[in-house]
Structures are given as structure tokens and as C-alpha cells.
Amino acid sequence: MAITIKDIAKKAGVSYATVSRAISNKYGVKSETREKVEAVARQLGYTPNGIARGLVNKQTHTIGLIIPDINNPFFPMVVRGIEEVVQKHGYSIFLCNSDYDSQRERHYLSLLAEKRVDGIILMPGGEQQNQEAANTSGVPMVYVCREFFEAEKSFVVIDDERGGFLATRHLIEQGYESIGFIGSTNQASATGARFRGYQLAFEKFGIPLNKDYIIAGEFKWEVGHRIITEMITQKKVPRSIFAENDFMALGIIQRIQETGLKIPEDIAIVGFDDILFANFPGISLTTIRQPKYEMGKIAAKILMDQIINKCHDPKRIIIEPELVIRKSSRLTRGSESRGNTVVDLQL
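Summary of the structure given here.

About the criteria used
Residues numbered from 1 in each chain as written. Predicted model: local features only at pLDDT ≥ 70, side-chain atom pairs only at ≥ 80, totals over all residues. Heavy atoms only, no water. Core = buried A, V, L, I, M, F, W, Y, C linked by side-chain atoms within 4.5 Å. Buried < 20%, exposed > 50% of the residue type's maximum accessible area, 1.4 Å probe, protein only. Helix = DSSP H or I, 4+ residues; strand = E, 2+ residues; numbered from the N terminus. Pairing = 2+ DSSP bridges. Axes fitted to C-alpha atoms, helices over the stretch in contact; angles between N-to-C directions. Salt bridge = Lys/Arg side-chain N within 4 Å of Asp/Glu carboxyl O.

1. Digging into the nonpolar core
Thought 1: In this structure, Ile82, Ile121, Met123, Ile252 and Ile269 are the most contacted members of the largest nonpolar core, which totals 46 residues.
Thought 2: Counting only elements with at least two residues in this core, the list comes to β1 (62–67), α5 (74–88), β4 (141–144), α10 (221–233), β8 (240–243), α11 (246–258) and α12 (292–309).
Thought 3: By size, the runner-up hydrophobic cluster in this structure holds 22 residues, among which are Ile172, Ile179, Phe181 and Tyr198.

2. Overview of the sheet that holds strand β2 (residues 92–97)
Thought 1: Taken in spatial order, the six strands line up as β2-β1-β3-β4-β5-β11 in an open sheet, and their pairing is parallel. Strands at the two margins of the open sheet, each flanked by one partner only, are β2 and β11 (316–319). For this sheet, the mean angle separating the axes of adjacent strands, direction not counted, is 15°.

3. Things to note about the pattern of salt bridges
Should their charged atoms come close, side chains of opposite charge can pair.
Thought 1: Under the defined criterion, the tally for this structure stands at 14 salt bridges.
Thought 2: Lys220 is the salt-bridge partner of Asp99, the closest N and O atoms lying 3.2 Å from each other. One end of the pair, Asp99, is in the loop between β2 and α6 (102–114); the other, Lys220, is in the loop between β7 (214–216) and α10, with 121 residues separating them in the sequence.
Thought 3: A residue is classified by how much of its surface remains accessible, and Asp99, at 30% relative accessible area, is partly exposed.
Thought 4: In this structure Lys220 comes out as buried when scored by relative accessible area, which is 12%.
Thought 5: The salt bridge partner of Arg194 is Asp160, with a shortest N-O separation of 2.7 Å. Here Arg194, found in helix α9 (residues 193–205), pairs with Asp160, found in helix α8 (residues 160–173); they are 34 residues apart in sequence, far enough to count as distant.
Thought 6: Taken together, the salt bridges that share partners define one network made up of Asp274, Arg289, Glu322 and Arg326.

In short, shape yes, function no, at least from these values alone.
Now the structure itself:
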């Protein structure tokens, strides 16, 4: 049975109210009495009831965090950045994984409101109406990896359209005109911004799009693996592919290597995110770098400002993407002269 304040009061020979004030470090308790109460509490193994205290103070010192795919190495790095900031303010994280499921994301938004979290950081994987519903909860909220201008909410994103353009332009500059795209093609959604950047590059260079090489799919390793398998089976494989995230690109790379084809000699690959595995030997993936850890820290600082300082003016942080060139795409003379480009061919 859990030890309560009443047990401490009985053992210490003081009132319940005195124990409550002593443990809460409030005024009105003599130092010797406070020391006695604290000694008894330690002796009995007392653990404060944070939930009960949160109900009284109307603060739980917890932050709700919803991510769409805990398997994707991109998101844990963002979480680490968030955690570093909120821990310094005495907050803990309540982590939820939506698995790109709109219904599950909606459930977690309701659950976090029921748990009386002090704020929510949402990395959406579901539909936009989930975010619209979340805006009615009154809980301070910051979005990561999704623009959301309509709701007057704060967000931290990379310029996805620019990143999609940089990735595709790089492949065009290597001499490729046969460039596939695997990812979200829904231009009405924020996740379609990278596809819009892909299209813009074709328009700028006057190259016609081949719709056979544009395949929609979720941002998962197994989806990349499955889609490239289907393209190989149907003999509709482009000479290069822009995968909308690195996790999908890893699935594509594995399947290509299983067939005996070579990267980039037979197929060049560019990803998006620059996850840890992107620079592993045998992968060396050209990609668009997102400052994952820093994005998490920025989002957490904005949320802490909302909670602690009651600053609710929306802050919109859009970060410039950076092309990182590795061995999965050819490097030609002059390619490294452009801005927002890092040449990283050393393993």
C-alpha cells in the first residue's frame, strides 16, 4: 500500500497540514519540523503523488508528444531535442506513436487532453481535421514538420518544397532526365510540398514528367522496398529516384542491392532527412539534411514560452534545407559550387 501524507503526520507527530506544507516547501514550517518530516518521509519511502498535486495546482508538468513512426530514426532525434529543453524546466514527456493512423492520432489528442498535459507537440501523420479538432482543446500546442497557417498555431518546419527542388535539381544536373518520385503526391496537403518541389525542378529545366515513375506511398521502409520491387517486376525502373524520406530510401536501396543492381551505376538515389544511417558504409545516401535535434529544441522552447510566460502569439519557424551529396548519386564537376550543398564522400 502506498504511503500517504497522513502516515507521515502520524509517525512524525504533527498535523496533516504541516506535512503538506513541509513537503511542498511552503512557508510557515519551522526548519527543525521540516527536517523531521522529510526524514520520516524518507524512512517510510514516501513518493509524492504528482497527479493529485497537478489537479490541485492545475499543472501536471507533463508534455504530450505525438510522433507518426517510432521506427523511423528521424523522429527519435527530434524527441531528444524536445526532451533536453523540457527537462530543464522540470517537465516530463508523455510519448504517443500514431503510426500514420488518423484515428489513432485523434485518440491520442483526446487522451492527452484527458490526462491534463500542460502542452502538446504534434508531428502530424494523420489528416488535417485532426489538427483542426486539436485546436479546440485549449491546450498550448506546437506543430513540427507540418505548416498550419490557418489555425494561427506555432510550427517548426523545414522548407519542404525547396528541399524537393534541391534534390531533383541535383539529379538533373548529374545528367538524369529519368527521375522517379516515391512518396506523398497529395499537393493539397503539407506532405505534398516535396513533390511540388520535384515538379518545379522539371518545369525549370523544361523536362517532361513521366507519370509511370511517380508512385504514391507512406513514409515507411517497407513501402519503399515494396514499391521498387513492383517497379522492377513491371520493368518500369527510372535511372534515378527521389525518395521522400531516408527511411523509404533505405528500403529502396536494400531491394536494389538484392537484385544485384549497383548504386549509382544502375540507379541513383536521393533521400530526405539525413538520418544516422544515411552515411553508413554501403549506403552513403545523398539526401536533404534536416536539423532534427535543433528542430526539437526550437519547438520545445516555443511551447515552454507558451506555458510559462503565457506567450500565445504564433511563431512560424521555416528552416532552409541543405543538400548533402554522397555516393548514391553521381558527383560531377561544378556540383559543389551551389549554395545549401555539402559534399560528404568520406566514409
